[in-house]
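Commentary on secondary and tertiary structure
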Amino acid sequence: MLLALDIGNTNITLGVWNGRSWQHHWRLLTNSAQTADEYGIILKMLLQDAGVLTAVDQAIMASVVPALSRTFSQICQQQLNVPLLTVNSDTPMGLTILADVPSAVGADRLVNAVAAFELFQAPCIIIDIGTATKFDLVSSRQEFLGGVIAPGLGLAAEALASRAAKLSHVALEAPPKTIGKNTVHAMQSGLVFGYLSLIEGLVNRLKAEHPDRGQKIHILGTGGLIDLMAPHTAVIDHTDPWLTLTGLRVIHERVMRAAGDKVTE
């Protein structure tokens, strides 16, 4: 079985692929101060409770947190005793990266691009709503075209509450109407509906600049906050909160297939 790890700034998502489907998913809070021993205990408990601890024999990871990249590499090698593939811009994933500096593109963005193209075999815009709100474009030729990075919804909410003396933290949820009749609803409207307007406006701009704008461009939403935002807009065609894990699975299959082809040459 394959263990897939997506290590983000706010959450760590994990999944176990049994060769046909995702047998289990988990989402953990990211804590860069957590040691390999501590995260190792958590991970082994999750796998043990799921009955797959001894069945996992491969692992793949995408990480944007360097400290935790080392932590989980150590866990896989020393505690789980499984080989780990760490995804970066040099990984043979079948994606042509058209960024100015490919190595500077976050691994999660590349993995999402691979997953989106695998799902639709067509041009896509991926909207990842997490710590940051990211928009990434894929062409009909499986090219990563670049994208947009904006501050995340949670960051905006924290900044608003911490920098304005009379405003406090509010639950991240949509208010009854756009016009807030009290401070809480007014803040929720500005956060949720304000970010929806950002998403809708950028999608229109990105579609207009997309080199495949004459074709159907699939708009795919993912990330920890996608379920909050997607029901309130018509611009997102599809949602998949576990999209990055799908991309990791696809990349692992491609790398293993390429390695097998080299062995038989």
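Bear in mind that the values here come from a model prediction, so they are computed numbers and not experimental data. (Residues numbered from 1 in each chain as written. Predicted model: local features only at pLDDT ≥ 70, side-chain atom pairs only at ≥ 80, totals over all residues. Heavy atoms only, no water.)

As for the pairing of strand β4 (residues 58-63)
Here is the rule: Relative accessibility under 20% of the residue-type maximum defines a buried residue, over 50% an exposed one, and the middle range a partly exposed one, all with a 1.4 Å probe and only protein chains included. Strands here mean DSSP runs of E at least two residues long; helices mean DSSP runs of H or I at least four residues long; both are numbered from the N terminus. At least two bridges found by DSSP between two strands is the condition for calling them paired. If the strands point away from the viewer and the path from the first strand over the helix to the second runs clockwise, then the crossover is right-handed.
Judged by how many residues are buried, β4 sits mostly within the fold: five of six residues are covered. Of the pairings in the sheet, the one linking strand β1 (residues 2-7) to β4 comprises six bridges and is parallel in character. By the bridge assignment, A4 is partnered in β4 with I60. Between β4 and its parallel partner strand β5 (residues 84-86), the chain crosses via helix α2 (residues 66-80), and the hand of that crossover is right-handed.

Considerations on the sheet that holds strand β8 (residues 132-138)
Convention followed: It only takes one pair of heavy atoms within 4.5 Å for two residues to be counted as in contact. The axes used here are C-alpha line fits, helices contributing only the stretch in contact, and every angle between their N-to-C directions lies in the interval 0 to 180 degrees.
The strand order across the open sheet formed by six strands is β6-β9-β8-β7-β10-β11, and the pairing between neighbours is mixed. Each edge of the sheet is formed by a strand with only one pairing partner; in this case those strands are β6 (96-97) and β11 (238-239). Of the strand pairs in this sheet, β6 and strand β9 (residues 143-151) are connected by two bridges, and their pairing is parallel. Following the sheet pairing, I97 is matched in β9 by F144. Contacts from helix α5 (residues 183-209) reach β7 (124-129), β8, β9 and β10 (218-222), with the element oriented near 20° to β8.

Topic: the packing of aromatic side chains
For clarity, the threshold we go by: Between rings of Phe, Tyr and Trp, where Trp is taken as its six-membered ring, a pair exists when centres lie within 6.5 Å; planes separated by under 30 degrees are stacked, by over 60 edge-to-face, and by other angles tilted. A positively charged side chain is recorded as over a ring if its NZ (Lys) or CZ (Arg) lies within 6 Å of the ring centre. The angle to the ring normal must also be within 35 degrees.
According to the stated counting rule, one finds two aromatic pairs in the structure shown. Relative to W22, the ring of W17 has its centre 5.3 Å away and its plane inclined at 65°; by these criteria the two rings are edge-to-face. Judged on exposure class, the residue W17 and its partner W22 are both buried. When the centroid spacing of 5.1 Å and the interplanar angle of 45° are considered together, the rings of Y39 and F72 count as tilted. With Y39 in helix α1 (residues 36-49) and F72 in helix α2, the pair connects residues that are 33 residues apart, well separated along the chain. With respect to burial, Y39 and F72 carry one shared label: buried. For R27, the ring lying beneath its charged end belongs to W242, and the centroid distance is 4.9 Å. The ring of W17 is capped by R249, whose NZ or CZ atom sits 4.5 Å from the centre of that ring.

What about the packing of helix α4 (residues 153-163) against α5?
The test is simple: For classification purposes, an angle smaller than 35 degrees is called roughly parallel, one larger than 145 roughly antiparallel, one from 65 to 115 roughly perpendicular, and anything else oblique. Crossings are classed by handedness, with left-handed meaning an anticlockwise turn of the near helix from the far one by less than a right angle and right-handed meaning a clockwise turn.
At a minimum axis separation of 10 Å, α4 and α5 run at an interaxial angle of 150°. In terms of orientation, α4 lies roughly antiparallel with respect to α5. Considering how the two elements wind past one another, α4 and α5 form a crossing that is right-handed. When α4 is examined against α5, the residues L153, A156, A157 and L160 are found in contact with a partner set consisting of M187, L191, V192 and Y195.

Here's the deal with the sheet that holds β4
Strand order in the open sheet formed by five strands is β3-β2-β1-β4-β5, and the pairing between neighbours is mixed. In the strand order of this sheet, the two ends are held by β3 (22-29) and β5, each with one partner. With strand direction ignored, the average angle separating the axes of adjacent strands in the sheet is 15°. Note that β1 and strand β2 (residues 11-17) share six bridges and pair antiparallel. From the neighbouring strand, L3 faces β2, where its bridge partner is V16. Across the sheet, α2 lies against β1, β2, β4 and β5, angled at about 160° from β1, the strand it touches most.

Any functional reading would require information that these geometric values do not contain.
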